[in-house]
Amino acid sequence: MRPVQLTETVLRDANQSLIATRMPFEAFAPILPTLDRAGYYSLECWGGATFDACLRYLDEDPWERLRRIRKACPNTKLQMLLRGQNLLGYKHYPDDAVRLFVKKSIENGIDILRIFDALNDIRNLEVAIDETLKNGAVASGAICFTHSPIHDAEHFVRYAKQLESRGVQTICIKDMAGIMSPKEGYDLVRALKETVKTPIVIHTHATTGLGFMTLLKCVEAGADVIDTAISCFSGGTAQPATETMAYVLRQYGYDVPLQDAVCREINEFFKPVRADALKSGLLNPVVMGTQPEALIDQIPGGMLSNLVAQLTAQKKLDQLDAVLEETPRVRKDLGYPPLVTPMSQMVGVQATSNVLAGERYKNISKEVKSYIRGEYGRAPGKIDPALQAAVLGDAAPLTGRFADTLPPAVEAARAALGGKASDEDVLSYIAFPAQAEAFFAKREEKKKHTFTYTVRKVEEDA
Ligand code: CO
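About the thresholds
Just so you know, the residues in each chain are numbered from 1, in the order the chain's sequence is written. Reporting in this predicted model follows two pLDDT cut-offs: at least 70 for local features of residues, and 80 or more for side-chain atom pairs to be given and counted; totals over whole chains, interfaces and linings ignore these cut-offs and use all residues. In computing side-chain properties, one takes all heavy atoms of the structure into account and sets aside hydrogens as well as water. Counting from the N terminus, the helices are the DSSP runs of H or I reaching at least four residues and the strands are the DSSP runs of E reaching at least two. Computation of the radius of gyration draws on C-alpha atoms, with the globule rule given as 2.2 Å multiplied by the number of residues to the power 0.38. Note on exposure labels: buried denotes an accessible area under 20% of the residue type's maximum, exposed denotes more than 50%, and partly exposed covers the range between, all computed with a 1.4 Å probe on protein chains only. Contacts between residues were defined by any pair of non-hydrogen atoms, one from each residue, lying within 4.5 Å. Using a 1.4 Å probe, the Shrake-Rupley method yields the accessible areas, and only the shown protein chains count as cover for residues. Neither His nor the chain ends contribute to the count of charged residues, in which Lys and Arg are positive and Asp and Glu negative. Positions of charges follow a simple convention, taking NZ of Lys, CZ of Arg, CG of Asp or CD of Glu. Two aromatic rings, drawn from Phe, Tyr or Trp (for Trp, its six-membered ring), form a pair once their centres lie within 6.5 Å of each other, and the interplanar angle then sorts them: stacked below 30 degrees, edge-to-face above 60, tilted otherwise. A ring is scored as having a charge over it whenever the NZ atom of a lysine or the CZ atom of an arginine sits within 6 Å of its centre and within 35 degrees of its normal. The axes used here are C-alpha line fits, helices contributing only the stretch in contact, and every angle between their N-to-C directions lies in the interval 0 to 180 degrees. Angles are sorted into four bins: roughly parallel if under 35 degrees, roughly antiparallel if over 145, roughly perpendicular if 65 to 115, and oblique for all others. Put simply, Ala, Val, Leu, Ile, Met, Phe, Trp, Tyr, Cys and Pro go in the nonpolar bin, Asp, Glu, Lys and Arg in the charged bin, and everything else, Gly too, in the polar bin. Buried Ala, Val, Leu, Ile, Met, Phe, Trp, Tyr and Cys residues form a nonpolar core when they are joined through side-chain atoms within 4.5 Å. Here the coordinating atoms are restricted to nitrogen, oxygen and sulfur within 2.8 Å of the metal centre, or 3.2 Å for Na, K and Ca, and because water is not among them the sites may look incomplete. Side-chain atoms alone can form a polar contact between residues adjacent in sequence; in general such a contact is a pair of N or O atoms within 3.5 Å, and within protein one must be able to donate a hydrogen while the other accepts it. Note on definitions: salt bridges are taken to be side-chain nitrogens of Lys or Arg within 4 Å of carboxyl oxygens of Asp or Glu.

1. So, the overall build of the protein chain
Consideration 1: Counting its secondary structure elements, the protein chain contains 22 helices and eight strands.
Consideration 2: Against the compact-globule benchmark of 23 Å for 462 residues, the protein chain has a radius of gyration of 22 Å, which places it among compact chains.
Consideration 3: The 462 residues of the protein chain split such that 56% are buried.
Consideration 4: Long-range pairs, those at least 24 residues apart, make up 76% of the contacts in the protein chain between residues at least 6 apart in sequence.
Consideration 5: Approximately 19,500 Å² of the protein chain is accessible, and the part contributed by carbon and sulfur atoms is 55%.
Consideration 6: The average position of the 55 basic charges and that of the 58 acidic charges among the side chains of the protein chain differ by 1 Å.

Structure representation (structure tokens):
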């Protein structure tokens, strides 16, 4: 029977979607050797928000985390999520930074890079794909799935062909908001299977309740790998459950190469982790529920919580409904960008500003201006002409690739750190300068303490 493989997301996406990536390395370290024995296609464990959360909240070196996972899981492929030319941040980086980041990720233990661009603009993936292939890792090109008048199957298939021609070894349909229905998933996978030869990976979220059904229908249509989360970290804004999907797929006769007893062990391990997160309030039961609203307002869970936080901070939560109505209008004005980082933040902030100012585009954010100038890539659809004129005046938008206009960043960053920093530190600094600097300072402090302690201990021994 046809094999279907599973990627486990508990360390990255489920951790990010349910508890804002606050699981420290120590919390999951003991179960890593077990995860390594389960028979997963891959462990998604790095990238996205893990890098930021490690530096900002967990006082962890993200590179060290990766190396430790690698050491504990020698047999399973480690996977990361990369925002193409944005790396792990919210803006475009020059090519030297992208190339070094990809190279160092692979050197430190990554086997598979899932690379996406919020606008599905192939030019923003080319360098990352090229460098991944050069370093002998697997490049997985991701298609950001969204609903809009221009995002039909034909649009996605055209993009898939571009990805395949750049040499990606797998193509992932990335449904970050969990809005791809079983029918849409089935039709899209069928269309892809007729056009491209690379294996198809499905990434969705259980947010709207569609996820389990969508994964099943995608497999029926020929999908080769699906993303799931171990059951006690599954559902809600995370992925559908690993064990449940394995059970269903086997009943339909698919060969799922997963060790059930090992999965049970993994789930037992994470139960108290989840219980602690619930008790501390880190895990909000709301995110575990089913929220079909996203099918109508098209706003992904993470973006909604950001909007609520923004409005609460400004004591304007009563304007939430108005902002939710404005959001799809702003998205249309901007040519229907998929609502994924950094576009979701950009559209959300602009919609909020339009409502709170009482006048549309009275204030246009710096990011939206850059976007309209073409600095994030090509808009999927047509940008509203009046808005475009308001930003550009008589100037023409950039039609080339924005990264080509950026000066190299790596050596400048190394110099800013005193010239002797490791490549990994330089990259942390390029990605998140303030957080990285604060982290480096704390790490130095710790080293000093350890040193004094060692010296004293030696004296005592003597
Ligand atoms: Co996701």
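2. Things to note about the environment of Gly253
Consideration 1: Tracing the backbone shows Gly253 in the loop between helix H11 (242-251) and helix H12 (260-280).
Consideration 2: On the accessibility criterion, Gly253 (25% relative accessible area) is partly exposed.
Consideration 3: Along the sequence, Gly253 and Lys103 sit 150 residues apart, while their C-alpha atoms lie 40 Å from each other.

3. Examining the packing of aromatic side chains
Consideration 1: One pass over the full model with this rule turns up twelve aromatic pairs.
Consideration 2: On the basis of an interplanar angle of 75° and a centroid distance of 5.3 Å, the ring pair of Trp46 and Phe51 is categorised as edge-to-face.
Consideration 3: Given a relative accessible area of 0%, Trp46 falls into the buried group.
Consideration 4: Of the residues examined, Phe51 reaches a relative accessible area of 0% and is grouped as buried.
Consideration 5: Over the ring of Tyr57 we find Arg22, and its NZ or CZ is 3.7 Å from the ring centre.

4. Describing the environment of Leu392
Consideration 1: By secondary structure assignment, the location of Leu392 is in helix H19 (residues 385-392).
Consideration 2: For Leu392, a relative accessible area of 12% gives the class buried.
Consideration 3: Taking the C-alpha atoms as reference, Leu392 lies 41 Å from Gly211; in sequence the two are 181 residues apart.
Consideration 4: Residues within four places of Leu392 in sequence aside, it is in contact with Ile372, Arg373 and Pro397.

5. Structural notes on the packing of helix H5 (residues 62-72) against helix H21 (residues 423-431)
Consideration 1: Running from N to C, H5 and H21 point in directions that differ by 125°, and their axes come no closer than 9 Å. For the element pair H5 / H21, the angle class is oblique. Of H21, the residues touching H5 (which contributes Pro62, Trp63 and Arg67) are Glu424, Leu427 and Ser428.
Consideration 2: For the contact of H5 with H21, the residue count by class is three nonpolar, one polar and two charged.

6. Quick look at the nonpolar core
Consideration 1: Core analysis: the largest hydrophobic core is formed by 104 residues, its most contacted members being Leu82, Phe101, Ile202, Phe233 and Phe270.
Consideration 2: Beyond its immediate stretch of four places on either side in the chain, Leu82 contacts Leu87, Leu88, Phe101, Val102, Leu113, Arg114, Ile115, Phe116 and Ala128.
Consideration 3: Ranked by size, the runner-up nonpolar core spans 40 residues in total, among them Ile112, Val138, Ile299 and Ile383.

7. Focus: the coordination of the cobalt ion
Consideration 1: Only Asp13 (OD), His203 (NE2) and His205 (NE2) from the protein coordinate the cobalt ion, and they sit 2.1 Å from it.
Consideration 2: Sequence positions of the residues that donate to the cobalt ion give the spacing D-x189-H-x1-H. Residue Asp13 is found in helix H1 (residues 13-19), and its partner His203 is found in strand E7 (residues 200-203); the two are separated by 190 residues along the sequence.
Consideration 3: Residue Asp13 is classed as buried on the basis of its relative accessible area, which comes to 4%.

8. Side note on the side chain of Asp13
Consideration 1: Engagement of the side chain of Asp13 in a polar contact is seen with the side chain of Arg12, the distance being 3.4 Å.
Consideration 2: Non-local contacts of Asp13, meaning those with residues more than four positions away in its chain, are made with Glu44, His203, His205 and Gln239.

9. Here we look at the side chain of Thr76
Consideration 1: Here Thr76 shows up in the loop between H5 and strand E3 (77-82).
Consideration 2: Owing to a relative accessible area of 4%, Thr76 belongs among the buried residues under this scheme.

10. Observations concerning the pattern of salt bridges
Consideration 1: Applying the stated rule across the entire model yields 37 salt bridges.
Consideration 2: The closest approach of N and O atoms between Glu26 and Arg68, which form a salt bridge, is 3.3 Å. One end of the pair, Glu26, is in helix H2 (residues 25-28); the other, Arg68, is in helix H5, and 42 residues separate them in sequence.
Consideration 3: Accessibility expressed as a relative area gives 36% for Arg68, which makes it partly exposed.
Consideration 4: Put simply, Glu60 and Arg65 hold a salt bridge, and the shortest N to O gap is 2.8 Å. For the pair formed by Glu60 and Arg65, the shared burial category is buried.

These figures capture arrangement, not role.
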